[in-house]
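# Tertiary structure, described
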Amino acid sequence: MNDNDVPFSDLQELSAIKQAALSYVTEAFAEAELDGLDGDCMAQAALFAAFMELVATYGEDAVAEYAAGLPDKIRSGGFSTALKH
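Residues numbered from 1 in each chain as written. Predicted model: local features only at pLDDT ≥ 70, side-chain atom pairs only at ≥ 80, totals over all residues. Heavy atoms only, no water.

### Observations concerning the overall build of the protein chain
In terms of regular secondary structure, the protein chain is built from four helices and zero strands. In the protein chain, the succession of helices and strands from N to C terminus is α-α-α-α. For the protein chain, the residues scored as buried account for 5% of the 85 residues in total. Approximately 7200 Å² of the protein chain is accessible, and the part contributed by carbon and sulfur atoms is 59%. (Helix = DSSP H or I, 4+ residues; strand = E, 2+ residues; numbered from the N terminus. Buried < 20%, exposed > 50% of the residue type's maximum accessible area, 1.4 Å probe, protein only. Areas by Shrake-Rupley, 256 points an atom, 1.4 Å probe, with all protein chains shown as cover.)

### Digging into helix α2 (residues 39–58)
Look at α2: 28 Å from first C-alpha to last across 20 residues, which is about the 28 Å you get at 1.5 Å a residue. The backbone nitrogen of Asp40 lies 3.0 Å from a side-chain oxygen of the residue at the head of α2, namely Asp38. At the C-terminal side of α2, Gly59 shows a positive phi close to 95°. (Expected span 1.5 Å × (residues − 1). Polar contact = N/O pair within 3.5 Å; in protein donor to acceptor, adjacent residues only side chain to side chain.)

### Some words on the environment of Ala64
Within the secondary structure, Ala64 sits in helix α3 (residues 60–68). On the accessibility criterion, Ala64 (46% relative accessible area) is partly exposed. Here the alpha-carbon distance between Ala64 and Leu54, two residues 10 residues apart in the chain, equals 9.9 Å.

### Section: the packing of α2 against α3
Between α2 and α3, the least distance of the axes is 7 Å, while the angle of their chain directions is 130°. Judged by the angle between their axes, α2 and α3 are oblique. Contacts between α2 and α3 involve Phe51, Leu54, Val55 and Tyr58 on the former and, on the latter, Glu60, Ala62, Val63, Tyr66 and Ala67. Considered class by class, the residues forming the contact of α2 with α3 number eight nonpolar, no polar and one charged. (Axes fitted to C-alpha atoms, helices over the stretch in contact; angles between N-to-C directions. Parallel < 35°, antiparallel > 145°, perpendicular 65-115°, else oblique. Contact = heavy atoms within 4.5 Å. Nonpolar A, V, L, I, M, F, W, Y, C, P; charged D, E, K, R; others polar.)

Worth remembering: the numbers are spatial, not functional.
Here it is in structure tokens:
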């Protein structure tokens, strides 16, 4: 359920697809903000929708295993946009 499972030759294409998907999500956040929705509310709704999709695709056990690795990824800056000092 990650880029390590994809043949090396497909990684560039997969990365472009993920970038396109991120652009759609970012645009949805911007539109919601224009409509007055709070970013935190959108983030929680997006996480819920994302986990629903992942569970439907991979099953509960695989998604739980994936989610178990999120604390380390978060703490190491995997989702941070600001530079670390």
